[in-house]
Amino acid sequence: MKTVLVTGAAGFIGYFLCTRLLKDGFRVIGLDAMTDYYDVRLKERRQQMLLQHEHFQALNDRVETQDLLMSLFRTEVPDFVIHLAAQAGVRYSIENPRSYLESNICGTFELLEAARAYPPEHMLLASTSSAYGANDVMPYRETDKADHQVSFYAATKKATESMAHSYAHLYDLPITMFRFFTVYGPWARPDMAHHKFAKAILEGRPIDVYNYGDMKRDFTYVEDLVEGIRLLMDAVPVRPADGEEVPEGDSLSPVAPWRIVNIGNSKSVQLTEFIDAIEEATGRTAERNLMPMQPGDVVATWADADLLQRLTGYTPKTSVREGIAKFVAWYREYYQV
């Protein structure tokens, strides 16, 4: 039985990923800080469900805690590492940038140092579509230059990509950075748009629609994202041999066992269509409060997922209406509305 260390295990994506790994026969160590960025009871409930499985072990602490990960790697020697732990949210990074520095950059440094001492077979680190920043040529390709991030959140995630590349090059650590797009589904964080929209609509309150509704996102259902991560575990990057060319369209580094992979639905959906799906699932009409664009946000995202398909044979395919229906059904049951 191989061991997987999942950081951010009690989070929205972490919960679904750990559930999938346990189903597939892995032993999972789930590290999570259980911070109060949002209602801790939601994290506690996810963790309680994971703890029902005999092969899940929970550890509640911060990834940036000095020597914590070094000690954990020394004791457990994980075969795979999937690093999801991070301070999330574009808008909160404007209010509290230091938490992003500590969690995202310092936390990733501690992880890389531990992996240098006790190398796993493969490390997969979460990045974000926000790393593409001001790029306006779509769909976004992993080989596109991405140097103009427009939020501090995105800047910290782009920094972790560069940090990971340097460790992959210096210490021959196989690392895949996966950039995920707008993820949604059951057990979502309360600060996520679909959660806020559903809550307001069901309570009969107006919803704030930014950029007057003229926004597009590559909405990715959470279980589709998890499927992509699970399959990428077996797509271990290998440092190219001297003189070997990297295939066109592959983001594999020419000097390190490191690559970036988009995990997205390969479709850019209008925000108004996303809201329509929530209205349909709730059976209610939203009162839309049209607002200007928020600082740090972008007008559109759209993933080119060809590399994911080439590496794994998989392409996310859950439609927005199907995914939102599952989310609203969970929301009604969980909140008893």
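As the structure is a computational prediction, the values presented were derived from the model and not from experiment.

A look at the packing of helix α5 (residues 97–117) against helix α6 (residues 152–171)
Contact pair α5 / α6: the axes reach a minimum separation of 10 Å and the direction vectors enclose 15°. Here α5 lies roughly parallel to α6, going by the angle between them. Crossing hand, α5 versus α6: right-handed. Contacts between α5 and α6 pair Pro97, Tyr100, Leu101, Asn104, Ile105, Thr108, Phe109, Leu112, Glu113 and Arg116 from the former with Phe152, Tyr153, Thr156, Lys157, Ala159, Thr160, Met163, Ala164, Tyr167 and Tyr171 from the latter.

Brief notes about the pattern of salt bridges
Scanning the model with the defined rule gives 23 salt bridges in all. A salt bridge links Arg141 to Asp304, with the nearest nitrogen and oxygen atoms 3.0 Å apart. You can see Arg141 sitting in the loop between β5 (122–128) and α6 and its partner Asp304 sitting in the loop between β13 (288–290) and α10 (306–312), a full 163 residues away along the chain. A salt bridge links Glu280 to Arg321; the shortest N-O distance between them is 3.0 Å.

Details of the packing of aromatic side chains
According to the stated counting rule, one finds 26 aromatic pairs in the structure shown. Taking the centre distance of 6.2 Å and the plane angle of 75° together, the rings of Tyr37 and Tyr38 count as edge-to-face. With a relative accessible area of 24%, Tyr37 lands in the partly exposed category. Between Tyr184 and Tyr221, the aromatic rings sit 5.6 Å apart at their centres with planes inclined by 65°, giving edge-to-face as the arrangement. Remark: Tyr221 occurs in strand β10 (residues 219–221) and Tyr184 occurs in strand β7 (residues 182–184); sequence separation between them is 37 residues. The pair formed by Tyr184 and Tyr221 is uniform in burial state, with each residue classed as buried. Taken together, Phe12, Tyr15, Phe16, Trp187, Phe327, Trp330, Tyr331, Tyr334 and Tyr335 form an aromatic cluster joined through their ring pairs. Residue placement shows Lys43 over the ring face of Tyr38; its charged tip is 4.7 Å from the ring centre. One residue, Arg179, lies across the ring of Tyr132, its end atom 4.5 Å from the ring centre.

Thoughts on α5
Every α-helical turn comprises 3.6 residues, leaving residues that sit three or four positions apart pointing alike. End to end, α5 covers 30 Å across 21 residues, agreeing with the expected 30 Å (1.5 Å per residue, within 8%). If you check which residues of α5 are buried, you get Ser99, Tyr100, Ser103, Asn104, Gly107, Thr108, Glu110, Leu111, Leu112, Glu113, Ala114 and Ala115.

Points about the sheet that holds strand β1 (residues 3–7)
The sheet built from seven strands is open, its strands ordered β3-β2-β1-β4-β5-β6-β11 with parallel pairing. The open sheet is flanked by β3 (56–60) and β11 (258–263), the only strands paired with a single partner. Neighbour-to-neighbour, the strand axes of the sheet open up by a mean angle of 20°, direction not taken into account. As defined by bridge partners, strand β6 (residues 175–180) adjoins β11 across six bridges and the pair is classed as parallel. When the sheet's bridge partners are listed, Met177 is paired in β11 with Ile260. Strands β4 (80–83), β5, β6 and β11 of the sheet are contacted by helix α8 (residues 222–232), whose axis makes an angle of about 155° with β11.

Details of the environment of Lys199
Take Lys199: it is sitting in helix α7 (residues 193–202). Taking the C-alpha atoms as reference, Lys199 lies 9.5 Å from Val337; in sequence the two are 138 residues apart. Excluding its chain neighbours within four sequence positions, the residues that come into contact with Lys199 are Arg205 and Tyr331.

Details of empty space enclosed by the protein
The final tally for this structure, using the stated rule, is one cavity of 30 Å³ or more. Approximately 40 Å³ is the volume attributed to the largest cavity. Along its surface, the largest cavity is lined by His83, Ala85, Ala86, Asn104, Thr108, Leu125, Ala126, Lys157, Thr160 and Met177. If you list the elements that add at least two residues to the lining of the largest cavity, you get α5, β5 and α6. A breakdown of the residues in the lining of the largest cavity according to their chemical character gives five nonpolar, four polar and one charged.

The rules behind the values
- Residues numbered from 1 in each chain as written.
- Predicted model: local features only at pLDDT ≥ 70, side-chain atom pairs only at ≥ 80, totals over all residues.
- Heavy atoms only, no water.
- Axes fitted to C-alpha atoms, helices over the stretch in contact; angles between N-to-C directions.
- Helix = DSSP H or I, 4+ residues; strand = E, 2+ residues; numbered from the N terminus.
- Parallel < 35°, antiparallel > 145°, perpendicular 65-115°, else oblique.
- Left-handed = near helix turned anticlockwise from the far one by under 90°.
- Contact = heavy atoms within 4.5 Å.
- Salt bridge = Lys/Arg side-chain N within 4 Å of Asp/Glu carboxyl O.
- Phe/Tyr/Trp six-rings, centres within 6.5 Å; stacked < 30°, edge-to-face > 60°.
- Buried < 20%, exposed > 50% of the residue type's maximum accessible area, 1.4 Å probe, protein only.
- Lys NZ or Arg CZ within 6 Å of the ring centre and 35° of its normal.
- Expected span 1.5 Å × (residues − 1).
- Pairing = 2+ DSSP bridges.
- 1 Å grid on protein atoms, 1.4 Å probe; cavity = no way out; pocket = protein on both sides within 12 Å on 5 of 7 lines; lining within 4 Å.
- Points joined across faces, edges and corners; volume = space filled by probe spheres on them.
- Nonpolar A, V, L, I, M, F, W, Y, C, P; charged D, E, K, R; others polar.

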